[in-house]
Amino acid sequence: PIARMRAMWRFVEFFLVPSLACAFTVEPYGEGLFSALIDKSVSVGQGFRVIGVGVRYMPGAGKYDMQEAWTKVGLIKRHKVNFAFLAMTPDQAVGLLQVMSDAGMLGGAMHIVGSEALEYTPQLSRLPVGYMYLKPASRGPLWRRFADMYSRMTVDDLLPGADPDRHGLSSLGIPIDQWRVAALRDPDDLPMYAPFVFDAAYSVMLSVSELMKEGVPLRSIRGDRLLEKLYQISFEGISGHVMFDENGDRAASYLIENLQPGRQVRTVALFS
């Protein structure tokens, strides 16, 4: 959340947004983003520019309380802001967007920005032209090589010489010889988070390797010792350059995606 909200706050500063309402769901994802945004704004003496509007998390079909959503939207209207940041998942945004639309808040002077979870899809068709959302920049200079490698992999590549009993593979519901790995002939078929998973695993392996080179026994590579080394890691990964700050947060880059006329989404900016 911290890296994402750094990007969001840079957006606020760059576009001279005087104040914004952050509508967030009261659950770990939404609260995490809101807390990080508040912390960032307070750290630069600008906490007064962020207005938090917590919306109860209401999962499940038919369980969304539209009346409660009207109350929350009313709070946003009373603050007379023209900028709203939505920190929630699509299933929670659908109901809130319906109420915002009925209240005449979508389009016109109101600008809506969403977190990466609110990528534009037909499910969120009420979003107006001009809508923007943050999207992790997950494809660095090396990602095409990763995509090419993955498209050629088979089960034998994943488990070379693995001992089924030692690694518990014999107890799997589907026998290994029936496993299939989908061929990704088009690199764009790679899931957005695949490069991050790859680089996260590589970060740990690289940290372990560095400690072993320093003479640390493998059995002692754990806990704070491993974490301290991980903070020092820096390398060019599949998702771009990988390094961590003093809090252990990845120094990540984010794309600003914009919904344009014709319902086409275009990348209009990069925060790095």
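Once a new chain begins, its residue numbering starts again from 1 and follows that chain's sequence as written. Owing to the predicted nature of the model, reporting of local features is limited to residues with pLDDT of at least 70; listing and counting of side-chain atom pairs is limited to 80 or more, with chain, interface and lining totals taken over all residues. Computation of side-chain values: all heavy atoms of the structure, hydrogens and water removed.

**Quick notes on the packing of aromatic side chains**
Next, step 1: Aromatic pairs are defined between Phe, Tyr and Trp rings, using the six-membered ring for Trp, whenever the two ring centres lie within 6.5 Å; interplanar angles under 30 degrees are classed as stacked, those over 60 as edge-to-face, and all others as tilted. Within the structure shown, the criterion is met by 8 aromatic pairs.
Next, step 2: Between F11 and F83, the ring centres sit 5.7 Å apart and the planes meet at 50°, which makes this aromatic pair tilted. Remark: F83 occurs in strand 3 (residues 83-87) and F11 occurs in helix 1 (residues 2-14); sequence separation between them is 72 residues. Across the pair, exposure class does not vary: F11 and F83 are buried alike.
Next, step 3: Seen from their ring centres, F146 and F198 are 4.8 Å apart, and the 70° between their planes marks the pair as edge-to-face. In this pair, F146 sits in helix 5 (residues 143-151) while F198 sits in helix 7 (residues 194-213), placing the two residues 52 residues apart along the sequence.
Next, step 4: The buried label applies to any residue whose accessible area, calculated with a 1.4 Å probe on protein chains only, is under 20% of its type's maximum; exposed applies above 50%, and partly exposed to all values in between. For F146, a relative accessible area of 7% gives the class buried.
Next, step 5: A residue is classified by how much of its surface remains accessible, and F198, at 32% relative accessible area, is partly exposed.
Next, step 6: Joined through ring pairs, the aromatic side chains of F11, F14, F15 and F83 make up one cluster.
Next, step 7: Sitting over the face of the ring of W143, R139 holds its NZ or CZ atom 4.1 Å from the ring centroid. Starting at the N terminus, helices and strands are each numbered in turn, a helix being any DSSP run of H or I of at least four residues and a strand any DSSP run of E of at least two. Working rule: Lys NZ or Arg CZ, within 6 Å of ring centre, within 35 degrees of ring normal, means a charge sits over the ring.

**Some thoughts on the sheet that holds strand 9 (residues 264-271)**
Within a beta sheet, neighbouring strands are joined by backbone hydrogen bonds and run either parallel or antiparallel to one another.
Next, step 1: A pair of strands is labelled paired if DSSP reports no fewer than 2 bridges between them. With mixed pairing, the 7 strands of this open sheet are ordered in space as 2-1-3-4-5-8-9. Unpaired on one side and paired on the other, strand 2 (50-56) and strand 9 mark the two borders of the sheet. When the angles between neighbouring strand axes are averaged without regard to direction, this sheet yields 25°.
Next, step 2: With 7 bridges joining them, strand 8 (residues 254-260) and strand 9 adopt antiparallel strand pairing. Residue pairing in the sheet places E257 in a bridge with T267 of strand 9.
Next, step 3: Sheet strands touched by helix 2 (residues 28-43): strand 1 (20-26), strand 2 and strand 3. Its angle to strand 1, the strand with the most contacts, is close to 145°. All axes here are fitted lines through C-alpha atoms, helices being fitted over the stretch that makes contact, and every angle between N-to-C directions spans 0 to 180 degrees. Between two residues, a contact is recorded if the distance between any of their heavy atoms is within 4.5 Å.

**So, the environment of L270**
Next, step 1: With respect to the helices and strands, L270 occurs in strand 9.
Next, step 2: With a relative accessible area of 54%, L270 lands in the exposed category.
Next, step 3: Taking the C-alpha atoms as reference points, L270 and Y202, separated by 68 residues in sequence, lie 25 Å from one another.
Next, step 4: Beyond its immediate chain neighbours, meaning those up to four positions away, L270 contacts A137, S253, Y254 and L255.

**Observations concerning the side chain of D245**
Next, step 1: With respect to the helices and strands, D245 occurs in the loop between strand 7 (240-243) and strand 8.
Next, step 2: In this structure the side chain of D245 is engaged in a polar contact, spanning 2.9 Å, whose partner is the side chain of R6.
Next, step 3: Pairing of N or O atoms within 3.5 Å defines a polar contact, subject to two protein rules: one partner must be a possible hydrogen donor and the other a possible acceptor, and residues neighboring in sequence count only if both atoms are side-chain atoms. Looking at D245, its side chain comes within polar contact range of the main-chain nitrogen of D249, at 2.9 Å.
Next, step 4: With residues near it in sequence (within four places) discarded, D245 still touches R6 and Y231.

**What about unusual backbone geometry?**
Next, step 1: Of note, L16 is a non-glycine position whose phi angle comes to about 55°, a positive value.
Next, step 2: You can see L16 is positioned in the loop between helix 1 and strand 1.
Next, step 3: Overall, L16 belongs to the exposed group, its relative accessible area being 70%.
Next, step 4: Of note, the phi angle at K80 is positive, near 55°, even though the residue is not glycine.
Next, step 5: Along the chain, K80 turns up in the loop between helix 3 (66-78) and strand 3.

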